[in-house]
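Structural overview
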Amino acid sequence: MNKYKNYTPEDFLADDYFIQWLNDPSEEHEEFWKAFVEEFPEQKVNVEQAKFIVSMFQHEQEKLSLDETYDIWNGVLRNAKRPRVRKLVRMLRYAAVLLLMFASGALAFYLYENSRELHYNLTELNEAGSNEAKIILSDGSEVSLEQKESAITYASSGNQLIINNDTISQNQMDGREYMNKVIIPYGKKTMITLSDGTKVWLNAGSQLVYPSVFLRKKREVMLIGEAYFDVAKNVEKPFIVRTSDMNVQVLGTRFDVSAYPEDDFVAAILEEGSVGLEIKGNSLMTQDRQILLTPNQKLSLNKESRETTVRMVDVSMYTSWKEGILKSESEDLNRLIKKIERYYNIHITLKDPLVGGYKISGKLDLEKSPEEVLNIIKLTVPIDWAKKSNGDFIVMKK
Amino acid sequence: MPGHLKENDQTLWSKFLHGNEQVLSLIYLRHANALFDYGCKMTPDRDLVKDSIQDIFCTLIKNRQNLSGTDNIRLYLFKALKRKLVREIQKSHRLQNVDSESAAAFDLAFLHSFDHTEIELNERQKQELVDAVESLTDRQKEAIYLRFTRGLDYKEISMIMNLNYQSSRALIHRAIAKLRDILSVKSDVFNQTLLILLLRKSKPVV
């Protein structure tokens, strides 16, 4: 710390530790510099001057809109899958523009439509710090969802949405899809009514990206995490849920999709109707596989081995979370604990790996506190739990 | 870039090199906005910046087998974007018969509002600061941007700007000195304002 005793503002600005503090402060940084100014109050002026000069350059930055972010990435994927075609399409596009000038715009439109086919292969981490439930509109503006359980409803035109009791208008030009995104951290959930009437229950720790109004031939949304869908029937426009490892395509039906980045599996559970699943290959080059599900079937895909299993299940086990109830039927304690962690946004450590293998059957009411829930589990399997001073839980063998 | 993310970047990169192409989208998402902002400082053509970012990631997928490990993806991406943009801008200048030497002018639009600072400045001081930044050379602007806006260290800056370590330090030092000169002329006012501010702050709440 003494090193900084005689620093001028220039010296501070030449110091990497100082610059780190201003660009990406950690707790350690904050403490260090606070302590420094307290110990050497005469240096506060120089620190402030240096801070001021840096702040001059931390202006509002150019940001990609959600649309642009996804458009660029879709372009990358298209290119990776069909390296040669791209150039041809590009040339054809130029040709089409010329054609348009002389004759009709039909070809140009066709090519444009084709090139805008969506590939939401984007997987995202729930980065630490995004602990706030929010909706991001296509212009990049954010509205936070304060309640533990919120409701979002779109007007059929898509340019107006109601969040809980507030109405928000989006300025949109006609004939173009505008992407919106909802982020729900652990400990919260929401229900979204999309512009086509489809209802989506978004579980804790999940994100959904969707257009405010569906104008393409397909209704496409992207999901990270878990959601239950009640899709409004439209035979003309199939509804597609894209996740990192598989796509779910339906016409109108009810189903649950679970695709958490931290889980080693993704799963789809069909309640009613029929769905087609497209399992993505492990690399961008390998072929996709198709699987059809019938009601009460659950498909799960192992992300590493790419193995799939389909079996009959009691659907309510997998969908009751939206009513605030966790049902399980000889489920590993491991998995149940993970769900509880997400729901309450808490950390639970299993002291003994054996404990994770205990099978749990029953119903947990998530309106109760995590302590009460752990006590109920304690009644069925020989475990005990403790709470650390930092709020984390430990579960151990009794 | 937060320390914990940097580590993460490293593991992501090695996963990508070992065949997991899905993780590239994470790398993309993490750096897209910073790259875009950097690119927009070099050209007003937003579409060109977007195309260039897209090309960089296409190239990564295509050349995956020949890529080496890196512990600094951000540096790698910034370098790639700069190379690409400079080439594209020179190309378009040649088409328009513009002197290609002046390609990729670095246009650093900076904070003109001064709203985010505790320090109160009068109109004249503000004007002088604006003039001071405008009078920096393009290379100084770029170095300042990389250091203060993106938080890079001197080693990274020297690699992006093709300088040796000492020159990149000197470049930034000269730029800051220039700003400080202008501030220092007013330093009495500047420091007084601060002093008043400090005194006001340290006063006990009654």
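Data block above holds the structure.
Residues numbered from 1 in each chain as written. Chains lettered and ligands numbered in written order. Predicted model: local features only at pLDDT ≥ 70, side-chain atom pairs only at ≥ 80, totals over all residues. Heavy atoms only, no water.

**Considerations on the overall build of chain B**
For the record, the criterion: We count a stretch as a helix when DSSP gives it H or I for four or more residues in a row; a strand needs E for two or more, and each element gets its number in order from the N terminus. Any two residues whose heavy atoms approach within 4.5 Å at even a single point are treated as in contact.
The helix and strand inventory of chain B stands at nine helices and zero strands. Along chain B, helices and strands appear, N-terminal first, in the series α-α-α-α-α-α-α-α-α. Put simply, 64% of the contacts in chain B that link residues at least 6 apart link residues at least 24 apart.

**Focus on the overall build of chain A**
Going by this rule: Throughout, exposure labels follow a simple rule: accessible area from a 1.4 Å probe, protein chains only, divided by the maximum for the residue type, with under 20% read as buried, over 50% as exposed, and the rest as partly exposed. Accessible areas in this description were obtained via Shrake-Rupley with a 1.4 Å probe; residue shielding takes into account the shown protein chains only.
Counting its regular elements, chain A contains ten helices and 23 strands. Split into buried and exposed, the 398 residues of chain A put 51% on the buried side. The long-range share in chain A, meaning contacts at least 24 apart out of those at least 6 apart in sequence, stands at 54%. Taken as a whole, chain A presents about 19,200 Å² of accessible surface, with 51% of it coming from carbon and sulfur.

**Looking at the packing of aromatic side chains**
Residue and element names in this part refer to chain A. Going by this rule: The criterion for an aromatic pair is that two Phe, Tyr or Trp rings (for Trp, the six-membered ring) have centres within 6.5 Å, with stacked assigned to planes under 30 degrees apart, edge-to-face to planes over 60 apart and tilted to the rest.
Going through the model one piece at a time under the given rule, you end up with 33 aromatic pairs over all chains. Ring geometry for Phe12 against Phe18: centres 5.2 Å apart, planes inclined by 35°, an arrangement best described as tilted. Both residues of the pair, Phe12 and Phe18, count as buried. Seen in terms of ring centroids, Phe12 and Trp33 are 6.0 Å apart; in terms of plane orientation they differ by 75°. Their pairing is edge-to-face. Of this pair, Phe12 sits in helix H1 (residues 9–13) while Trp33 sits in helix H3 (residues 27–39); the two residues are 21 residues apart in sequence, bridging distant segments of the chain.

**Structural notes on the pattern of salt bridges**
Worth spelling out the cut-off: Take a side-chain nitrogen of Lys or Arg and a carboxyl oxygen of Asp or Glu: if they are within 4 Å of each other, that pair is a salt bridge.
Tallied over the entire structure, the rule returns 24 salt bridges over all chains. Across the pair Arg147(B) and Asp16(A) runs a salt bridge, and its minimum N-O distance is 2.8 Å. Within this pair, whereas Arg147(B) is found in helix H6 (residues 138–149), its partner Asp16(A) is found in helix H2 (residues 16–23), the two belonging to separate chains. Judged by its relative accessible area of 0%, Arg147(B) falls in the buried class. For Asp16(A), a relative accessible area of 29% corresponds to the partly exposed category. The salt bridge partner of Arg150(B) is Asp37(B), with a shortest N-O separation of 3.2 Å. Of the two residues, Arg150(B) is situated in the loop between H6 and helix H7 (154–160) and Asp37(B) in helix H2 (residues 23–42); the sequence distance between them amounts to 113 residues.

**Section: the packing of H2(B) against helix H4 (residues 73–95) of chain B**
Residues and elements named next belong to chain B. Where we set the bar: Every angle, taken between N-to-C directions, lies between 0 and 180 degrees, and every axis is a line fitted to C-alpha atoms, over only the stretch in contact when it is a helix. When an angle is under 35 degrees it counts as roughly parallel; over 145 it counts as roughly antiparallel; between 65 and 115 it counts as roughly perpendicular; any other value is oblique. Here is the rule for handedness: rotate from the far helix to the near one, and if that takes an anticlockwise turn smaller than a right angle the crossing is left-handed, while a clockwise turn gives right-handed. Gly falls in the polar group here, along with every residue not listed as nonpolar (Ala, Val, Leu, Ile, Met, Phe, Trp, Tyr, Cys, Pro) or charged (Asp, Glu, Lys, Arg).
At a minimum axis distance of 10 Å, the contact between H2 and H4 shows a crossing angle of 40°. By the angle class used here, H2 and H4 are oblique. As H2 runs across H4, the sense of the crossing is right-handed. Across from Ile27, His31, Ala34, Leu35, Tyr38, Gly39 and Met42 in H2, the residues of H4 making contact are Ile73, Arg74, Leu77, Phe78, Leu81, Lys82, Leu85 and Ile89. Looking at the contact of H2 with H4 residue by residue, the class counts come to eleven nonpolar, two polar and two charged.

**Quick notes on the environment of Tyr344(A)**
All names here are of chain A. As a reminder, the rule being used: Polar contact is defined as a pair of N or O atoms within 3.5 Å, subject to the rule that within protein one atom must be able to donate a hydrogen and the other to accept it, and that residues adjacent in sequence are counted only when both atoms are side-chain atoms.
Considering the arrangement of structural elements, one finds Tyr344 in helix H9 (residues 333–344). Of the residues examined, Tyr344 reaches a relative accessible area of 16% and is grouped as buried. Within polar-contact distance, the side chain of Tyr344 engages the backbone oxygen of Leu366 at 3.1 Å. A distance of 2.7 Å separates the side chain of Tyr344 from the backbone oxygen of Lys368, its partner in a polar contact.

**Things to note about the pairing of strand S12 (residues 246–250) of chain A**
Residue and element names in this part refer to chain A. Our working rule: When DSSP finds at least two bridges between two strands, those strands are taken to pair.
S12 sits mainly inside the fold: four of its five residues count as buried. Examined bridge by bridge, strand S11 (residues 239–242) and S12 share four bridges and lie antiparallel to one another. Bridged to Ile240 within S12 is Gln249. What sits between S11 and S12 in their antiparallel hairpin is a turn of three residues.

**Overview of the side chain of Ser195(A)**
Residues and elements named next belong to chain A. The residue Ser195 is located in the loop between strand S7 (189–193) and strand S8 (199–202) in this model. At 3.0 Å, the side chain of Ser195 forms a polar contact with the backbone oxygen of Ser212. If sequence neighbours within four positions are ignored, Ser195 has contacts with Tyr154, Ala155, Ser156, Gly158, Ser212, Val213 and Phe214.

**Re helix H5 (residues 123–134) of chain B**
Residues and elements named next belong to chain B. To keep things clear, this is the line we draw: The span one expects for a helix is its residue count, reduced by one, times 1.5 Å. By definition, the arc is the one covered by directions from the helix axis to the C-beta atoms.
Taking 1.5 Å per residue, twelve residues should reach 16 Å; H5 reaches 17 Å between its end C-alpha atoms and fits that length. Taken together, the buried positions of H5 are occupied by Gln125, Leu129, Val130, Ala132 and Val133. Buried positions in H5, seen along its axis, are confined to an arc of 160° and lie on one side of it. Of the residues in H5, the exposed ones pointing more than 90 degrees away from the buried face are Glu123 and Arg124.

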